[in-house]
Amino acid sequence: CALAMAAIFGIALFLRVYFPYNNVFAGGWVNFQENDAWYHMRNVTNLVHHFPHLSLIDPYGLYPGGQLISGGPFIDLLLGFFVWVIGLGTPSRQVIETVGAYFPAILGALITIPVYFIGKELFSRKAGLLAAALIAILPGQFLWRSMLGFPDQHVAEVLFSSVAMLFLILAVKSSNEKELSFLSLWSRDWGNLRKPLIYSLLGGIILGCYLITWIGGVLFVFIIAVYAVVQYIMDHLRGRSTDYLCIIGVPLFLVALFITIPSLGTSAAATLQVQSLLIGILAFLAMSVLSSLLTSRNIKRAYYPLGLALLGGIGVGIFYLVDPSLFDSMMSKFSVFTPAGGMLTVAEVKGIS
């Protein structure tokens, strides 16, 4: 498997470097692809000359006074760090642009690794290898935005979300194997708690990195929350303990919350991310409390989904009354599933093409 994965990684990197090479490195300078790549490289160039201080204002963004940079800063900080290290603290223009050009291709090839492990954990090694091979050559926007000369945040979004999902899968599997319960916490059974909590904490770190890479990443939090609701219902209806979901879910969102809190107030999207993580933490706690309460009182299991629906309705109502504008902002994010008008001019929204 190691040799096969090395070959898949090599193929993925080759495809992303070889074919666009002459177009990117042409005429003694680096021809970055599309507008966003130039935008990010301008931020990175400013960063490495004032490391580790990242400018919050783009002087070219809006005439005449510039524009506040509201996008996720992590991709620029990460790329700038590697440029600064490779350039030994004083990187030349050639070093800055060369590292920037190769950065997305390397990240795109690295995605094959978490994809392999996701396939392996969910199905088998063969399935993991097949999944990694497919993602290595998958056409469309993903391949295009992970090519040489395209240092944008999109390839990092895919990498971080894939790794976060991998750690979540590992946390769920290991907690099931250890049969975790709240009793494990009260008794400080670190032998059984250690591995699931480590996976959960690592998942929270990567989820936090994802959210500060892409300000629209709140949808991924929603996907995790939907999984949690479905898993809670399935486990409760089968008479299984749901404690493990709370034990791994709360740390996952809590660590991500600590990472995203510093961005609170910088934009409406950042505020929405923090609010979503807080709601997610409360949801994990509420679903576990309800499950434990119904089980302890021998109430029919079928009432659990009804109880969740009632709690969810109450929660949505309270959220709307407390902050209707934020609620409307959160609901508007679902419009990504039905793009129209100007949104259809954005290449990322079109899907595979």
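Residues numbered from 1 in each chain as written. Predicted model: local features only at pLDDT ≥ 70, side-chain atom pairs only at ≥ 80, totals over all residues. Heavy atoms only, no water.

**Quick word on the environment of A283**
- By the element assignment, A283 lies in helix α14 (residues 268-296).
- Here A283 falls in the partly exposed class, since its relative accessible area comes to 30%. (Helix = DSSP H or I, 4+ residues; strand = E, 2+ residues; numbered from the N terminus. Buried < 20%, exposed > 50% of the residue type's maximum accessible area, 1.4 Å probe, protein only.)

**Examining the pattern of salt bridges**
- Enumeration over the complete set of coordinates arrives at 4 salt bridges.
- Here E121 makes a salt bridge to K120, at a shortest N to O gap of 3.5 Å.
- On the basis of relative accessibility, which here comes to 24%, the residue K120 falls in the partly exposed class.
- The closest approach of N and O atoms between K173 and E121, which form a salt bridge, is 3.1 Å. Note that K173 is positioned in helix α9 (residues 154-178) and E121 in helix α6 (residues 112-122), a separation of 52 residues in sequence. (Salt bridge = Lys/Arg side-chain N within 4 Å of Asp/Glu carboxyl O.)

**Focus on the environment of L130**
- Here L130 shows up in helix α7 (residues 125-137).
- For L130, a relative accessible area of 52% puts it in the exposed group.
- Between the C-alpha atom of L130 and that of G119, which follows or precedes it by 11 residues, the distance is 8.3 Å.

**A closer look at the packing of aromatic side chains**
- Tallied over the full model, the rule gives 18 aromatic pairs.
- Between Y18 and F19, the aromatic rings sit 5.2 Å apart at their centres with planes inclined by 85 degrees, giving edge-to-face as the arrangement. The residues Y18 and F19 share a single accessibility class, namely exposed.
- Arranged with centres 5.4 Å apart and planes meeting at 85 degrees, the rings of W144 and F150 form a pair that is edge-to-face. (Phe/Tyr/Trp six-rings, centres within 6.5 Å; stacked < 30°, edge-to-face > 60°.)

**A closer look at α7**
- With 13 residues, α7 extends 19 Å from end C-alpha to end C-alpha; this agrees with the ideal 18 Å at 1.5 Å per step.
- Of all the residues in α7, the buried ones are G128, A132, I135 and A136. Along the axis of α7, the buried residues cluster in a sector spanning 105 degrees; they form a single face. Among the exposed residues of α7, those pointing more than 90 degrees away from its buried face are K126 and L130. (Expected span 1.5 Å × (residues − 1). Arc of directions from axis to C-beta.)

**Looking at the nonpolar core**
- L207, Y232, F253 and L277 are the most contacted members of the largest nonpolar core, which has 73 residues in total.
- Here this core takes 13 residues from α9, the largest share from any one element.
- Ignoring any residue separated from it by four or fewer positions in sequence, one finds L207 in contact with A164, F220, I224, L252, F253, A256 and L277.
- Counting 7 residues, the second-largest nonpolar core is a separate cluster that includes M5, A12, A109 and A136. (Core = buried A, V, L, I, M, F, W, Y, C linked by side-chain atoms within 4.5 Å. Contact = heavy atoms within 4.5 Å.)

**As for the packing of helix α11 (residues 190-211) against helix α12 (residues 218-237)**
- For the pair α11 and α12, the least separation of the axes is 9 Å and the interaxial angle reads 145 degrees. Residues L207, Y210 and L211 of α11 pack against V218, F220, V221 and I224 of α12.
- A breakdown of the residues in the contact of α11 with α12 according to their chemical character gives 7 nonpolar, no polar and no charged. (Axes fitted to C-alpha atoms, helices over the stretch in contact; angles between N-to-C directions. Nonpolar A, V, L, I, M, F, W, Y, C, P; charged D, E, K, R; others polar.)

**A word on helix α15 (residues 303-322)**
- The end-to-end C-alpha separation of α15 is 28 Å, in line with the 28 Å expected for 20 residues at 1.5 Å each.
- Along α15, the positions that sit buried rather than exposed are Y304, G307, L308 and F319. The arc that holds every buried residue of α15, seen down its axis, measures 105 degrees, which confines them to one face. Along α15, exposed side chains directed more than 90 degrees from the buried face belong to L306, A309, L310 and L321.

**A word on the packing of helix α3 (residues 34-49) against helix α5 (residues 93-110)**
- Between α3 and α5, the least distance of the axes is 11 Å, while the angle of their chain directions is 135 degrees. Between α3 and α5, the angle falls in the class oblique. When the axes of α3 and α5 are compared, the crossing they make is right-handed. Residue-level contacts link M41, T45, V48 and H49 of α3 to I96, E97 and G100 of α5.
- Here the residues of the contact of α3 with α5 sort into 3 nonpolar, 3 polar and 1 charged. (Parallel < 35°, antiparallel > 145°, perpendicular 65-115°, else oblique. Left-handed = near helix turned anticlockwise from the far one by under 90°.)

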